[in-house]
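Analysis of the macromolecular model
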Amino acid sequence: MRTDTTIDATVRSITILEIVADSPEPIGVTAIADRTELTKSTVSKHLSTLHELGYVDRSDGRYLPSIQFLDYGVRAGSLTALRHAAADPVDELAEMTNEVAGLAIEHDGRVVDVYLSTTHAEPGFPAYNTRFRHCSAAGKAILAEQSADALEALLEDRRPARTEYTITGDAELRAELERIRDRGVAFDRQEQFSRVNSVAVGLSTDSLTGAIFVSGWADELSGKRFEENVPGILFSASRLLRSNLAAETTAEQ
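This is a predicted model, so every value here is computed, not measured.

This part is about the environment of Ser238. Relative to the helices and strands, Ser238 is located in helix α9 (residues 223-252). The class for Ser238 is buried, based on a relative accessible area of 4%. The sequence separation of Ser238 and Ile212 amounts to 26 residues, and the corresponding C-alpha distance is 6.7 Å. If we skip the residues at most four places from it in the chain, Ser238 touches Val201, Gly202, Leu203 and Ile212.

As structure tokens, this is what we get:
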């Protein structure tokens with residue numbers, strides 16, 4: 001949300017940085033310019049500055065997030081009891097499914113991965129969620145847990161088509177959320193990343209709205225395993241996580 005104190009140049013740099021972070025592979029100037037209303041010259045200048053400051057790395061004329069973000073993530077993660085509470089249930093979930101598993105929460109209208117278990121992630125697998133709620137299983141599960149006002153705000157915002165399967169239409173998204181509420185589980189069928197499926201169960205407490213999820217290659221995480229077996233395991237993991245969160249809350253009081 002823009003205010004009188006918003007600095008446009010900073011907004012442009014962060015927008016570019018988020019596009020780089022969301023891309024499953026290094027991305028070039030032209031591709032970034034196509035996703036924004038910025039010229040290639042402007043995009044190039046912002047990327048050069050971000051590179052000089054250590055926020056992006058450059059490889060063969062394309063850009064990717066720098067390892068510097070790992071340091072920020074470790075520091076932020078060490079400060080939250082939520083990450084501690086999520087570790088055992090999510091790690092167990094990953095072992096039981098032999099897939100990537102994680103806990104994501106909503107923060108300022110965005111999906112944020114709090115804890116990821118990536119032991120079973122193959123090289124090149126996008127073991128994370130983008131910030132958009134409309135295209136991932138975790139994001140849709142979170143959105144289904146939120147108020148009607150949150151949905152209306154999302155419908156007024158930009159909803160990029162991450163793949164050819166991404167749900168972007170208002171009516172289609174509303175119907176999808178109704179199905180999620182009825183079933184208690186959300187599915188992402190290559191809507192966030194090509195060749196990747198994910199499934200998630202929403203999780204709400206007095207202090208957060210989130211989702212526990214599993215993701216994997218679409219040719220392996222499919223059929224009955226995708227639609228029935230993994231969701232059943234997710235429901236059990238969700239109950240354990242709720243118990244851990246309650247224990248952490250009691251310990252803090």
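The next subject is the environment of Gly202. Along the chain, Gly202 turns up in strand β6 (residues 196-204). Given the relative accessible area of 11%, Gly202 is considered buried. Between the alpha carbons of Gly202 and Leu103 there is a distance of 9.8 Å; along the sequence they are 99 residues apart. Beyond its immediate chain neighbours, meaning those up to four positions away, Gly202 contacts Ala141, Glu145, Gly210, Ala211, Ser238 and Arg242.

A separate point is the UniProt feature "domain: HTH iclR-type" (unreviewed entry) in the protein. Per the UniProt record, "domain: HTH iclR-type" (unreviewed entry) is found at residues 7-67. The span residues 7-67 is 56% helix and 13% strand, and its two end C-alpha atoms sit 26 Å from each other.

So, on to the pattern of salt bridges. As enumerated under the stated definition, the model contains 11 salt bridges in all. For Glu18, the salt bridge goes to Arg131, with nearest N and O atoms at 3.3 Å. Pair noted here: Glu18 is in helix α1 (residues 8-22) and Arg131 is in the loop between β4 (110-117) and α6 (137-145), with a separation of 113 residues, a long-range link. What makes Glu18 buried here is its relative accessible area of 17%. On the accessibility criterion, Arg131 (13% relative accessible area) is buried. Between Asp22 and Arg131 there is a salt bridge, with its nearest N and O atoms 2.1 Å apart. Of the two residues, Asp22 sits in helix α1 while Arg131 sits in the loop between β4 and α6, which places them 109 residues apart along the sequence. Salt bridges sharing common partners tie together Glu18, Asp22, Arg110 and Arg131.

Moving on, we come to the domain arrangement of the protein. If you check the domain split of the protein, you get domain 1 (8-70) and domain 2 (77-252). One C-alpha centre belongs to domain 1, the other to domain 2; they are set 26 Å apart. With seven residues of domain 1 at the contact, the number on the domain 2 side is eight residues. Taken over both partners, the interface formed by domain 1 and domain 2 buries close to 570 Å², and the fraction arising from carbon and sulfur atoms is 32%.

With that settled, the discussion passes to the packing of aromatic side chains. What the rule picks out here adds up to four aromatic pairs. Taking the centre distance of 4.9 Å and the plane angle of 85° together, the rings of Phe125 and Trp217 count as edge-to-face. Residue Phe125 is found in the loop between β4 and α6, and its partner Trp217 is found in strand β7 (residues 209-217); the two are separated by 92 residues along the sequence. Assigned by exposure class, Phe125 and Trp217 land together as buried.

The rules behind these values
- Residues numbered from 1 in each chain as written.
- Predicted model: local features only at pLDDT ≥ 70, side-chain atom pairs only at ≥ 80, totals over all residues.
- Heavy atoms only, no water.
- Helix = DSSP H or I, 4+ residues; strand = E, 2+ residues; numbered from the N terminus.
- Buried < 20%, exposed > 50% of the residue type's maximum accessible area, 1.4 Å probe, protein only.
- Contact = heavy atoms within 4.5 Å.
- UniProt positions renumbered as here; feature names shortened; annotations may be inferred.
- Salt bridge = Lys/Arg side-chain N within 4 Å of Asp/Glu carboxyl O.
- Domains from an automatic or database assignment.
- Buried area = accessible area lost by both parts, 1.4 Å probe.
- Phe/Tyr/Trp six-rings, centres within 6.5 Å; stacked < 30°, edge-to-face > 60°.

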